[in-house]
Amino acid sequence: MVSNTPTFFALLASTVGAYAASASIGLPPELFSPLIAQKIATIAAAIPSPMMYPQYTDRVEGVWQYFKPDEWTTGFFPATLYAMHQRAQLCPSTNSGDAAQWLQLGREWSTAEVPLEQTNTLGHDVGFVSYPFMLELAVDPDNTTAQAAVNAFAADLAARFDPIVGCTRSWDTADPTDFQVIIDNMMNLQVLFASYNLTKNQTLVDIAISHANKTMENHIRPDGGSFHVVEYNATTGAVVARFTSQGYSNSSTWSRGEAWGIYGFSNMFKHTGHIDYLNTARKMAAYWIENTPSDGIIPWDFNAPLVPPRPADSSAAMIAVNGFLLLAEQELSVYNLVGAATYVAEAIRMLRLNTELAWRPQWQSLLANGTVNNPEHNNLTGIVYGDYFFVTAGNQLVEMGLASC
Ligand SMILES: *[C@@H]1O[C@H](CO)[C@@H](O)[C@H](O)[C@H]1NC(C)=O
Ligand SMILES: *[C@@H]1O[C@H](CO)[C@@H](O)[C@H](O)[C@H]1NC(C)=O
Ligand SMILES: *[C@@H]1O[C@H](CO)[C@@H](O)[C@H](O)[C@H]1NC(C)=O
Ligand SMILES: *[C@@H]1O[C@H](CO)[C@@H](O)[C@H](O)[C@H]1NC(C)=O
Ligand SMILES: *[C@@H]1O[C@H](CO)[C@@H](O)[C@H](O)[C@H]1NC(C)=O
Ligand SMILES: *[C@@H]1O[C@H](CO)[C@@H](O)[C@H](O)[C@H]1NC(C)=O
Ligand SMILES: *[C@@H]1O[C@H](CO)[C@@H](O)[C@H](O)[C@H]1NC(C)=O
Ligand SMILES: *[C@@H]1O[C@H](CO)[C@@H](O)[C@H](O)[C@H]1NC(C)=O
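Below: a short report on this structure. Given the structure is predicted, the values throughout are model-derived calculations rather than measurements.

Quick notes on the rules
- Residues numbered from 1 in each chain as written.
- Chains lettered and ligands numbered in written order.
- Predicted model: local features only at pLDDT ≥ 70, side-chain atom pairs only at ≥ 80, totals over all residues.
- Heavy atoms only, no water.
- Disulfide = S-S within 2.5 Å.
- Helix = DSSP H or I, 4+ residues; strand = E, 2+ residues; numbered from the N terminus.
- Buried < 20%, exposed > 50% of the residue type's maximum accessible area, 1.4 Å probe, protein only.
- Axes fitted to C-alpha atoms, helices over the stretch in contact; angles between N-to-C directions.
- Parallel < 35°, antiparallel > 145°, perpendicular 65-115°, else oblique.
- Left-handed = near helix turned anticlockwise from the far one by under 90°.
- Contact = heavy atoms within 4.5 Å.
- Nonpolar A, V, L, I, M, F, W, Y, C, P; charged D, E, K, R; others polar.
- Pairing = 2+ DSSP bridges.
- Salt bridge = Lys/Arg side-chain N within 4 Å of Asp/Glu carboxyl O.
- Near = heavy atom within 4 Å.
- Polar contact = N/O pair within 3.5 Å; in protein donor to acceptor, adjacent residues only side chain to side chain.
- Areas by Shrake-Rupley, 256 points an atom, 1.4 Å probe, with all protein chains shown as cover.

### Brief notes about the state of the cysteines
Within the structure shown, the criterion is met by one disulfide. Between the sulfur of Cys91 and that of Cys405 lies a disulfide, 2.0 Å long from S to S. Handedness here is read from the sign of the S-S torsion; for Cys91 and Cys405, about -100 degrees, the answer is left-handed. Of this pair, Cys91 sits in the loop between helix H3 (76-90) and helix H4 (99-110) while Cys405 sits in the segment after helix H15 (384-399), and the two are 314 residues apart along the sequence. Of the residues examined, Cys91 reaches a relative accessible area of 2% and is grouped as buried.

### Here we look at the packing of helix H12 (residues 275-291) against helix H13 (residues 314-333)
How two helices sit against one another is set out by the angle between their axes and by the gap between those axes. Running from amino to carboxyl end, H12 crosses H13 at an angle of 135 degrees, the nearest separation of the two axes being 11 Å. One finds that H12 runs oblique with respect to H13. In terms of crossing hand, the pair formed by H12 and H13 is left-handed. For the pair H12 and H13, the contacting residues are Leu278, Ala281, Arg282, Ala285, Trp288 and Ile289 in the first and Ala316, Ala317, Ala320, Phe324, Leu327, Gln330 and Glu331 in the second. Class assignment of the residues belonging to the contact of H12 with H13 gives a composition of ten nonpolar, one polar and two charged.

### Focus on the pairing of strand S6 (residues 229-233)
Among the five residues in S6, four count as buried, and that is most of the element. When strand S5 (residues 178-182) meets S6, the two strands line up antiparallel, connected through five bridges. Bridge pairing in S6 places Gln180 opposite Glu231. Where S6 folds back on strand S7 (residues 239-243), the antiparallel hairpin that results is connected by five residues, among which Gly237 adopts a positive phi of roughly 80 degrees.

### Quick look at the environment of Leu35
With respect to the helices and strands, Leu35 occurs in helix H2 (residues 34-45). Relative accessible area serves as the criterion here: at 24%, Leu35 is assigned to the partly exposed category. Taking the C-alpha atoms as reference points, Leu35 and Leu366, separated by 331 residues in sequence, lie 8.1 Å from one another.

### Topic: the pattern of salt bridges
According to the stated counting rule, one finds six salt bridges in the structure shown. One salt bridge connects Glu71 with Lys68, and the closest N-O pair in it is separated by 3.2 Å. With relative accessibility at 19%, the residue Glu71 sits in the buried group.

### A few points about the site of ligand 1
In the vicinity of ligand 1, the contacting residues are Tyr82, Arg107, Phe133, Glu136 and Asn143. In this structure, an oxygen atom belonging to ligand 1 sits 3.2 Å away from a side-chain N or O atom of Arg107. Residue Asn143 places a side-chain N or O atom 2.4 Å away from an oxygen atom belonging to ligand 1. Considering ligand 1 on its own, with 360 Å² of exposed area, one finds that the protein chains cover 68% of that surface. The residue makeup of the shell around ligand 1, split by class, is two nonpolar, one polar and two charged.

### Things to note about the sheet that holds S6
Reading across the sheet, the three strands line up as S5-S6-S7 and stay open at both edges, with antiparallel pairing between neighbours. With partners counted over all chains shown, the strands left at the sheet margins are S5 and S7, one partner each. In this sheet, neighbouring strand axes are inclined to one another by 20 degrees on average, regardless of whether the strands run parallel or antiparallel. Bridging between S6 and S7 involves four bridges; their strand directions are antiparallel. Its bridge partner being in S7, Glu231 is matched across the sheet by Ala241. Across the sheet, helix H10 (residues 202-218) touches S5, S6 and S7, and the angle it forms with S6 is around 110 degrees.

### Thoughts on the environment of Asn197
As for its position among the elements, Asn197 is in helix H9 (residues 190-199). Its relative accessible area of 55% is what places Asn197 among the exposed residues. Distance in space between the C-alpha atoms of Asn197 and Asn151 is 9.9 Å, their sequence separation being 46 residues.

### Side note on the packing of H13 against H15
Put simply, H13 and H15 touch, their axes get as near as 8 Å, and they point 30 degrees apart. Classified by the interaxial angle, the pair formed by H13 and H15 is roughly parallel. Note on packing geometry: the crossing formed by H13 with H15 is left-handed. Across from Ser315, Met318, Ile319, Val321, Asn322, Leu325 and Glu329 in H13, the residues of H15 making contact are Tyr385, Gly386, Phe389, Phe390, Thr392, Ala393, Gln396 and Leu397. Tallied by class, residues from the contact of H13 with H15 come to nine nonpolar, five polar and one charged.

Structural data, given as structure tokens:
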């Protein structure tokens, strides 16, 4: 990869941004609404005792439902507080709140996560719960609590690696030879890089690369769509089955899984420079663009039937917005300006149309129309990771020089 000076990078980004802006419909007006800070601050001020974390809302009033700390989604509300800390620094003159207060809240809301190092039942999801600790290290690289948490969660994930299969195990199943890997796991690899950054333990990077290679080989279809679950045989390493857990069918593409993949492979390219990861992210992005309906609303599964109307998943849309922006940055790093502009334009259009659908001033969440798990009839709610990725999308656009707040 080329090394860009910040000025050169900013120049490229603004060229791409101008091109993308001319082709797109513009940012959603809600992106820097004062309601964002107000709603998040209200939830943050009411710290539950014992500690519980918001995950999704009810479908009617948009009231947060709280869950015990040992959940895969626990890290997203504290991570949102860190994202607001960044927002307040990026947008000091608007209604984004006080940076120091957000940081203090992020730290307070993370404390109950620390014991999870020892006691969690999260399997591969240790990567998701590490978000607040990775974000703390971006603020204070010397925070030993956050360092220890990142290293412990990375070791947990590494302990789930099987060299015969070449992947980290996602879910635990009764039969130890049954080894299930889900596309979501591409997101958890980040904690291995974060721990490598602290320890220089190369094994962690080797595990991430092996996992990503196997996922590239077995989860991604020739058309760029993805399977949710690939089941391997831990004795032989062979693929036993490909199926779905949260999607519409075994052969469908569940939109949130596809979004995790676009983000995850772009991130792998960022860390390693292996062109195959960039090509995989491009292929998944092409599938995404081709299968997005003309109204731009992301359905919970791209192959779900149109009748009855299929619920949207605004969380999948917001993850994909971040994935497309990360992918656009990787395209800039290889001087593919047309590619970068295409992904930026697509990200902005997706952000605009899905925010228009899902923005709910009266709800506690920022967005509605999230689908946690449609096979379990949990659809059309606010979702904590949808809100998190909505905030980070705004931050990322400001950082790339593509939005001003
Ligand atoms: C260090 O990080 C932890 C967890 O992220 C946080 O709870 C704690 O407040 C931080 N400590 C200091 C001194 O900033
Ligand atoms: C590197 O990480 C692996 C996986 O967690 C671990 O087994 C190994 O002991 C670590 N090596 C060192 C030198 O700490
Ligand atoms: C894996 O293969 C072994 C040996 O062939 C067999 O005994 C076991 O039942 C297989 N397990 C699965 C989940 O396919
Ligand atoms: C690694 O650590 C350095 C120094 O603390 C930091 O600047 C960089 O962002 C970190 N990178 C990752 C991938 O965590
Ligand atoms: C993983 O894939 C990259 C890119 O295709 C390749 O260079 C590397 O050798 C592969 N590593 C392993 C361990 O499979
Ligand atoms: C989907 O795949 C699973 C696992 O192989 C299988 O048990 C199930 O019967 C399949 N469903 C359909 C409808 O084919
Ligand atoms: C969005 O959510 C509202 C209820 O909050 C619902 O009436 C509408 O049908 C949903 N639209 C889609 C496309 O999911
Ligand atoms: C959405 O969830 C509701 C129950 O919460 C369920 O009745 C409905 O069938 C689901 N929608 C679809 C299209 O599956």
